[in-house]
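The residues making up each chain are set out below.
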Amino acid sequence: MDNSYNLKQLPTKEERHKLFGSVPPGPRTKPHEKEKMKDLQNTKQNFLFELDAVGISNVKHPIKIASSMTPETQTTIGTFYFASSISQDSKGTNMSRFTEQLHHYHSEGFTLSIESLKQFTRDLKDRLEQKDAEVKVEFPWFFERKAPYTDMAGMNHADAWIHVRYDEQDHHQVTVGLSGKVTTLCPCSKEISEYSAHNQRGNMKMEVELAEDFDESQTDWKVLLLEAAESNASARIHPVLKRPDEKMVTEQAYENPRFVEDMVRLVAADLYELDMIEKFYVQCVNEESIHLHDAVASITYDKRKK
Ligand SMILES: Nc1nc2c(ncn2[C@@H]2O[C@H](COP(=O)(O)OP(=O)(O)OP(=O)(O)O)[C@@H](O)[C@H]2O)c(=O)[nH]1
């Protein structure tokens with residue numbers, strides 16, 4: 001083996017790059033000024049089909065959100081999806097404009113909300129010069145949770161999302177959702193066993209279409225959905241539990257056994273009673289502790305169609 005270099009006398013960085021395969025730049029024949037570049041995206045021709053959606057996804061960005069639970073303002077990470085439809089005679093969209101607008105809103109100090117996303121989609125439609133625009137953003141939402149007996153606090157979180165679509169009739173369609181965890185205790189196991197009952201972590205997912213007049217300054221939809229899931233579960237999940245708390249949570253779960261079917265029906269009943277919700281989807285997935293598989297149930301209900 002030829003050890004021409006020893007570690008005390010490394011080649012220069014340029015030489016090192018050459019050693020690992022870098023080559024000098026080739027001739028540059030194409031223009032580098034924007035005005036002289038070919039604009040393929042804006043080619044007009046018959047491209048066979050109109051597209052429902054074209055855009056970018058999986059865009060991570062810091063966001064500010066408001067919460068009616070502590071902490072009332074928080075910075076979290078949003079994962080964005082942006083899109084619009086495009087006509088049959090357009091080759092492509094101008095993808096840089098999505099992140100360009102996101103950065104512009106961020107530098108103006110924007111707080112993510114239904115209202116600000118409505119404005120965002122209106123601006124995006126104009127910026128893209130298309131007839132509609134949509135944004136979906138998912139983010140972890142944090143909330144303080146106190147232990148039931150000792151009141152000791154810690155931080156829990158759930159995943160929340162807002163999806164706003166702005167159409168050519170100047171109409172916004174707003175869907176919000178939340179996915180969080182609860183404790184469920186098996187009613188069958190409780191019924192048939194001399195003692196004990198198996199229990200597990202249940203994953204609740206709720207997605208709702210809000211009424212046009214929904215006022216987010218009056219109601220925090222995140223808290224509404226979290227409460228629908230937790231208040232119907234066998235027990236809530238806590239970051240800090242001392243022994244007196246653990247006893248309470250264990251007994252509460254035993255007193256409120258739930259199948260996945262029970263969870264979905266009980267949450268559906270709560271959402272049905274809320275006038276601000278037009279349509280809902282509820283899913284429960286129990287990570288069974290006596291199986292390797294999960295138990296799952298779901299319901300979709302549109303109040304306008306019943
Ligand atoms: N339409 C389209 N663009 C792509 C695709 N893949 C990458 N690009 C993007 O093309 C973008 C640059 O195009 P534009 O946003 O149209 O840039 P531009 O024409 O200089 O911008 P404007 O002046 O706003 O029209 C880059 O951000 C790339 O991410 C694709 O599959 N389709």
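Above this text you will find the structure in question.
Just so you know, these numbers come straight off a predicted model, no measurement behind them.

Enquirer: What's the story with the side chain of Arg145 in this structure? I'm lost.
Expert: Structurally, Arg145 is set in strand S4 (residues 133–146). A polar side-chain atom of Arg145 sits 2.7 Å from a polar atom in the side chain of Glu230. When residues no more than four places from it in sequence are discounted, the contact partners of Arg145 are Met152, Ala153, Gly154, Asn156, Leu226, Glu230, Arg236, Ile237, His238 and Pro239.

Enquirer: I would appreciate a short explanation of the pairing of strand S6 (residues 172–185) in the present structure.
Expert: Regular strands show a simple pattern: their side chains alternate between the two faces of the sheet. Taking burial as the measure, the 14 residues of S6 include 11 buried ones, the bulk of the element. Where strand S5 (residues 153–166) meets S6, 8 bridges bridge the pair, whose relative direction is antiparallel. Across the sheet, Tyr166 pairs through a bridge with His172, a residue of S6. Two elements, S6 and strand S7 (residues 199–210), share 11 bridges in a ladder whose sense is antiparallel. Across the sheet, residue Val176 finds its bridge partner in S7, namely Val208.

Enquirer: Which parts of the structure should I look at to understand the pairing of S4?
Expert: Two elements, strand S2 (residues 73–86) and S4, share 5 bridges in a ladder whose sense is antiparallel. Across the sheet, the residue bridging to Thr79 is Glu138, located in S4. Here S4 pairs with S5 via 14 bridges, running antiparallel. Bridge pairing links Lys136 to His163 in S5.

The rules we used
Residues numbered from 1 in each chain as written. Predicted model: local features only at pLDDT ≥ 70, side-chain atom pairs only at ≥ 80, totals over all residues. Heavy atoms only, no water. Helix = DSSP H or I, 4+ residues; strand = E, 2+ residues; numbered from the N terminus. Polar contact = N/O pair within 3.5 Å; in protein donor to acceptor, adjacent residues only side chain to side chain. Contact = heavy atoms within 4.5 Å. Buried < 20%, exposed > 50% of the residue type's maximum accessible area, 1.4 Å probe, protein only. Pairing = 2+ DSSP bridges.

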